[in-house]
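Structural overview for review
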Amino acid sequence: MRKSDITRKTNETEIAVSFSLDGKGQADINTGVPFMDHMLDLFIKHGQFDGRIHANGDTHIDDHHTTEDIGIVLGQAVLEALGDKKGLRRYGNAFVPMDDALAQVVIDCSNRPHLEFRGDIPNAKVGTFDTELVHEFLWKFALESRMNVHVIVHYGRNTHHIIEAVFKALARALDDATIIDPRVEGVPSTKGLLT
C-alpha cells in the first residue's frame, strides 16, 4: 500500500495527515476551516484516496496559516506515499464540470514543483473563507508534492462551484497520474529517475 503519515507543528498550527493513494474514498476531515473541510472531503472521495486530515490552527486570526499548512503537509504526504515512483503513469489530466463552472487540472509527478493557475475566482469570499487561499493551498501542495500542477478555470459564475470543480479535478488528475501502469518498467523518465 502506498501510504504515509505526516505531522507538522508550529506556533501557528498543528497538522496531522494520514494518506493512502490506493483507497476507497474514505475521509476523516477536521481542520477548523469549514470550507476546506468540504473541499478536502470531496478531494479524498473523488480521487478514491483514503485520508485523515486534522488541523488545529490560529483561525481566530484568519484561515491563512491553517490552509497553507494543510497544503504543505498534504503535499508531503502525497510525495511520501508515491515512494520510488516505479511503474507510475506520471501524468494526469481531468476536466470537471460543476453546474456553470468547468475546471481542468493537469499534473506531472516530475519532481519539479510548479503551479500554474489560469482563470478567475469572481468573489473574494465564500462564506467566511478567503478565496485567495485556494491559490495559496495549491501552490504549497505543488511545492511539497514536487509536482507540476496546472489549473485552468475555463469558465464559471458561481465562486463555490468554481472552487469545487478545481478540487474535484485535482483529485481526478492526481488519481490518474499516480496509477501504476503495468507497461511501465522502472520510472517513467528517460533520465532513469524522478527524484
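Residues numbered from 1 in each chain as written. Predicted model: local features only at pLDDT ≥ 70, side-chain atom pairs only at ≥ 80, totals over all residues. Heavy atoms only, no water.

Looking at an unreviewed UniProt entry, the protein carries the name Imidazoleglycerol-phosphate dehydratase, with the source organism given as Planococcus maritimus. According to the UniProt record, the Pathway (unreviewed entry) comment for the protein is "Amino-acid biosynthesis; L-histidine biosynthesis; L-histidine from 5-phospho-alpha-D-ribose 1-diphosphate: step 6/9." Listed under Catalytic activity (unreviewed entry) in UniProt, the entry text for the protein is "D-erythro-1-(imidazol-4-yl)glycerol 3-phosphate = 3-(imidazol-4-yl)-2-oxopropyl phosphate + H2O". (UniProt positions renumbered as here; feature names shortened; annotations may be inferred.)

**Quick word on the overall build of the protein**
Looking only at helices and strands, the protein features four helices and ten strands. Order of helices (α) and strands (β) in the protein, N terminus to C terminus: β-β-β-α-β-α-β-β-β-β-β-α-β-α. On C-alpha atoms alone, the protein measures out to a radius of gyration of 16 Å, which is about the 16 Å that the 2.2 N^0.38 rule sets for 195 residues. For the protein, the spread of C-alpha atoms along the three principal axes comes to 50 × 40 × 30 Å. The buried share among the 195 residues of the protein stands at 52%. For the protein, the share of sequence-separated contacts (at least 6 apart) that also reach a separation of at least 24 residues comes to 76%. Of the roughly 9100 Å² of accessible surface on the protein, 47% is carried by carbon and sulfur atoms. Positive and negative side-chain charges of the protein, numbering 21 and 29 respectively, have mean locations separated by a distance of 7 Å. (Helix = DSSP H or I, 4+ residues; strand = E, 2+ residues; numbered from the N terminus. Rg over C-alpha atoms; globule rule 2.2 N^0.38 Å. Buried < 20%, exposed > 50% of the residue type's maximum accessible area, 1.4 Å probe, protein only. Contact = heavy atoms within 4.5 Å. Areas by Shrake-Rupley, 256 points an atom, 1.4 Å probe, with all protein chains shown as cover. Lys, Arg positive; Asp, Glu negative; His and termini not counted. Charge placed at Lys NZ, Arg CZ, Asp CG, Glu CD.)

**Observations regarding the packing of aromatic side chains**
Scanning the entire structure with this criterion turns up six aromatic pairs. Where F43 meets F141, the ring centres are 6.5 Å apart and the plane angle is 80°; that geometry is what we call edge-to-face. On the criterion of sequence distance, the pair formed by F43 in helix α1 (residues 34–47) and F141 in helix α3 (residues 132–145) is long-range, its members being 98 residues apart. In this structure, F43 and F141 share a single accessibility class: buried. An aromatic cluster of at least three residues, connected via ring pairs, comprises F19, F43, F49, F137, F141 and F167. (Phe/Tyr/Trp six-rings, centres within 6.5 Å; stacked < 30°, edge-to-face > 60°.)

**Remarks on the sheet that holds strand β1 (residues 3–9)**
Within a sheet, neighbouring strands are paired by backbone hydrogen bonds and run either parallel or antiparallel to one another. Across the sheet, which stays open at both edges, the four strands sit in the order β1-β2-β4-β3 with mixed pairing between neighbours. Strand pairing shows two members of the sheet lacking a second neighbour, β1 and β3 (27–30), which therefore form its edges. With direction set aside, neighbouring strand axes in the sheet form an average angle of 5°. Pairing of β1 with strand β2 (residues 13–20) involves seven bridges; the strand directions are antiparallel. Paired with K3 across the bridge in β2 is S20. Sheet strands in contact with α1 are β2, β3 and β4 (50–57), and its direction is about 165° off that of β3. Sheet contacts for helix α2 (residues 64–82): β1, β2 and β4; angle to β2, the most-contacted strand, approximately 30°. (Pairing = 2+ DSSP bridges. Axes fitted to C-alpha atoms, helices over the stretch in contact; angles between N-to-C directions.)

**Here we look at the pairing of β3**
The sheet contact formed by β3 and β4 spans four bridges and is parallel. Residue pairing across strands places D28 opposite R52, the latter belonging to β4. A crossover connection joins β3 to the parallel β4 through α1; in handedness this β-α-β unit is left-handed. (Right-handed = clockwise from strand over helix to strand, strands pointing away.)

**What about the pairing of strand β10 (residues 148–155)?**
Direction of pairing for strand β6 (residues 101–108) relative to β10: antiparallel, over a ladder of seven bridges. Bridge pairing links A103 to V153 in β10.

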